[in-house]
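Breakdown of the fold
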Amino acid sequence: METQDPIPPAVPPPAPNPERKTLDDRAKMTELERIRHSCAHVLATAILRLWPDAQFAYGPPVENGFYYDLECSHRISPEDFAKLEEEMKKEIKANHVFEKLTVTREQAIADAQTGRLGGLAERPGNASKFKLDLLQNIPEGEPISYFKNGDFIDLCAGPHVMRTGNIGAFKLTTVAAAYYKGDEQGPQLQRIYGTAFKNKTALEEWLKLQEEAKRRDHRKIGAEMNLFAFDAEFTGPGLPLWLPKGGAILEELEKLAKETEFQAGYVRVKTPHLAREKMYKTSGHLPYYAESMFPPMELSGENVRCNEKEAAEEKFQEALRSLQYEQQTPQGVEALVGKLLSVSDEVRLSRTDRYYLKAMNCPHHHRIFAAEPHSYRDLPLRLAEYGTCYRYEQSGELFGLMRVRAMNMNDAHIYCTPEQFAEEFRAVNEMYLKYFSIFGLGKYQMRFSTSSPEGLGKKYVNEPELWKQTEDMVRKVLVESGINFVEVANEAAFYGPKIDVQVWSAIGREFTIATNQVDFAVPAKFGLTYRDRDNTDKTPLCIHRAPLGTHERFIGFLIEHYAGNFPLWLAPDQVRVITLGDDENLIKEGKRLVHELRQNFVRVDGDFTNEPIKAKIANAEHARVHTMLVLGPRDLEAGHVSVRLHTGGPQGAKPTAQVVADILQSIKERRA
RNA sequence: GCCAGUGUAGCUCAGUGGUAGAGCAACGGUUUUGUAAACCGUCGGUCGUCGGUUCAAUCCCGACCACUGGCUCCA
């Protein structure tokens, strides 16, 4: 039977540390990490036996195994894994000692130049270029060491297991491309992923766990339950179609958000899906964000008004007037044609109006704020909207519902005074926690992202004082609320610090499920003000928040969280009334019950066919119908229905009225 | 966008250089049933798209598209 037991979607790993590991960090490596790191060396050894020209970069242990990045004339594919694993087994069987050698920097550079580092022997003319680069990054004074197993010598600080034979069980998993040092502009390397364990049993257990994780993949369950569909051919990649069953979940979430926000003093607004270019020029999102936006729609024509239009037309006329003097020579004509073309292009552009599909709702909300004058007495103003946003994510980044190109955001912008900020920010965090408790969401990480002094004026607006103030405010709220969080420098939004809630998908990918951001910059760009007590105009602070993220990602996450077995209030199929056979009286009572539930807004249907009861139950179970109400002659006689839960099996017969009341109560309370 | 892999009926999957099958689903019957699948029949596919090789391509080759695993990026 399928249950809700949490197959761990991978334990939250510590935030990946882009910085170089210190020797102290390395000394803390667990035994499993040492096994995996050692296995990376064994992999490199095997690769070199097959393709001696390979040059190696990094080969660290990672959450579920290890990888080694390399450059090699041969393109390694999974078809090569069998022979690679053969070579690796030989190296493990040879049981070589991982021998540590400490060398001078000069020696290391010399060895790298001969190609000896990350090699089985010296390779004249094939210097260990990545190792040379790595050597540059080792701070003066830090000892430099090699690790040697058999013929293979690698520049490495360790630590390792004692001998290659200590690697109990391993498996190569996948190949990928990876940029050197993660830099998109840098060289692209081949990355071979593998995993290793102390013994075969542990490896097999892990592989089994991977299989189980795949079974709760939202893409698989979404298809099984008919929640959503992708239709790349007609609708487009990354543009989900919500089927009726998925629509039901979406409606429930939206209802929850609207009720919660209403009670918290939010007001609802509605804004269009697109806006003119000026919107995003003003907000500062263009040109920085243009890459992530769908290309603009260009409208041109006489009725387009634009400031530059007249100026451009003037230039055009001027070019025409010069025609008579310059057309004497061929060069003159050519120059003139070029000039006319460029000017006419200018005129065309000046007559073109550009509309962008919105990638975020904030600018629209800012314009709503600007549509009316505001007094400090109006604040805080909390504008909420399930806004539909469009982002042109790179094709390789699309991932089921978790990463799409059209999304419905549980968005709101809170405009407040600095005095109100802490209270508002705290209230938002409380809303998060309320939601998480409704969904029984325990495995997440709050990540507090701050600026960096170096990024001021570049990545971040240049307001050191405001950065410090808002970061202090946020930190204080977090600490006072007793919320566990990690602080990450240099990850803030350009307009202020933020808190992201990180969760992990069934297959272990990390996602931001919710976000809460401070904005002390953009309202000023739009000239937003409120009249303060002292009769001066001041710029409000803005909090961007999306505790339920987007429907797409949040539902994708919930599908995996519940493994498709939703609580009653969220279940697309809440109740099915199943008659035992198709006796007229049974059907009559069945229909009455369906009608009663439906009039109380329960998503209910009836199965009154003459299929055997076992088949009808099986159908309902496969559809993950939350509650099955079986109606047979005995039940009818007693005024009962027999209750069966998808996640709990048969619950016995109960009076119909009581069952209905329980169902309505469970939905109302949004019971887990 | 980059690297690798995959693409056969609505779903899960077989299969072959001589224009394709199974189970489930759907539909039509028969069956009259107490909690995960009764029986019979019918329908269903230009084998992702376009080109090439070949007497002949779903199969071999190429390009493109989409999806999957990663990289980069992000709600």
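Residues numbered from 1 in each chain as written. Chains lettered and ligands numbered in written order. Predicted model: local features only at pLDDT ≥ 70, side-chain atom pairs only at ≥ 80, totals over all residues. Heavy atoms only, no water.

**Quick notes on the overall build of chain A**
Each helix and strand counted, chain A has 21 helices and 28 strands in total. Over its C-alpha atoms, taken along the principal directions, chain A stretches across nearly 90 × 85 × 60 Å. Here the contacts in chain A between residues at least 6 apart in sequence split such that 72% fall between residues at least 24 apart. Just so you have it, chain A exposes about 33300 Å², and 52% of that area is on carbon and sulfur atoms. (Helix = DSSP H or I, 4+ residues; strand = E, 2+ residues; numbered from the N terminus. Contact = heavy atoms within 4.5 Å. Areas by Shrake-Rupley, 256 points an atom, 1.4 Å probe, with all protein chains shown as cover.)

**Concerning the domain arrangement of chain A**
Interfaces are frequently sized by the accessible area removed from exposure as the parts join. By domain assignment, chain A separates into domain 1 (23-209), domain 2 (241-273 + 358-561), domain 3 (307-350) and domain 4 (575-669). Of note, the centres of domain 2 and domain 4, computed from C-alpha atoms alone, are 42 Å apart. (Domains from an automatic or database assignment.)

**Focus on the protein's contact with RNA strand B**
What surrounds RNA strand B is a group of 57 residues, the closest being Gln188, Arg403, Thr512, Asn610 and His622. Tyr193 is positioned such that a nitrogen or oxygen atom in its side chain is 3.2 Å from a sugar or linking oxygen of RNA strand B. Taking Arg403, its side chain carries an N or O atom lying 2.4 Å from a base oxygen of RNA strand B. Among the secondary structure elements, those contributing two or more residues to the surface near RNA strand B are strand 7 (169-179), strand 8 (188-197), strand 20 (510-519), helix 19 (613-622), helix 20 (633-638) and strand 27 (640-645). When its residues are assigned to classes, the surface near RNA strand B shows 25 nonpolar, 14 polar and 18 charged. (Near = heavy atom within 4 Å. Polar contact = N/O pair within 3.5 Å; in protein donor to acceptor, adjacent residues only side chain to side chain. Nonpolar A, V, L, I, M, F, W, Y, C, P; charged D, E, K, R; others polar.)

**Some points on the nonpolar core**
Counting 102 residues, the largest nonpolar core has Phe439, Leu558, Phe566, Leu570 and Leu629 as the members making the most contacts within it. It is helix 14 (residues 418-438) that contributes the most residues to this core, eight residues altogether. Mapping this core onto the domain boundaries places at least three of its residues in each of domain 2 (241-273 + 358-561) and domain 4 (575-669). For Phe439, the residues in contact, after removing those within four places along its chain, are Leu253, Leu256, Leu548, Phe554, Leu558, His561, Tyr562, Trp569 and Leu570. (Core = buried A, V, L, I, M, F, W, Y, C linked by side-chain atoms within 4.5 Å. Buried < 20%, exposed > 50% of the residue type's maximum accessible area, 1.4 Å probe, protein only.)

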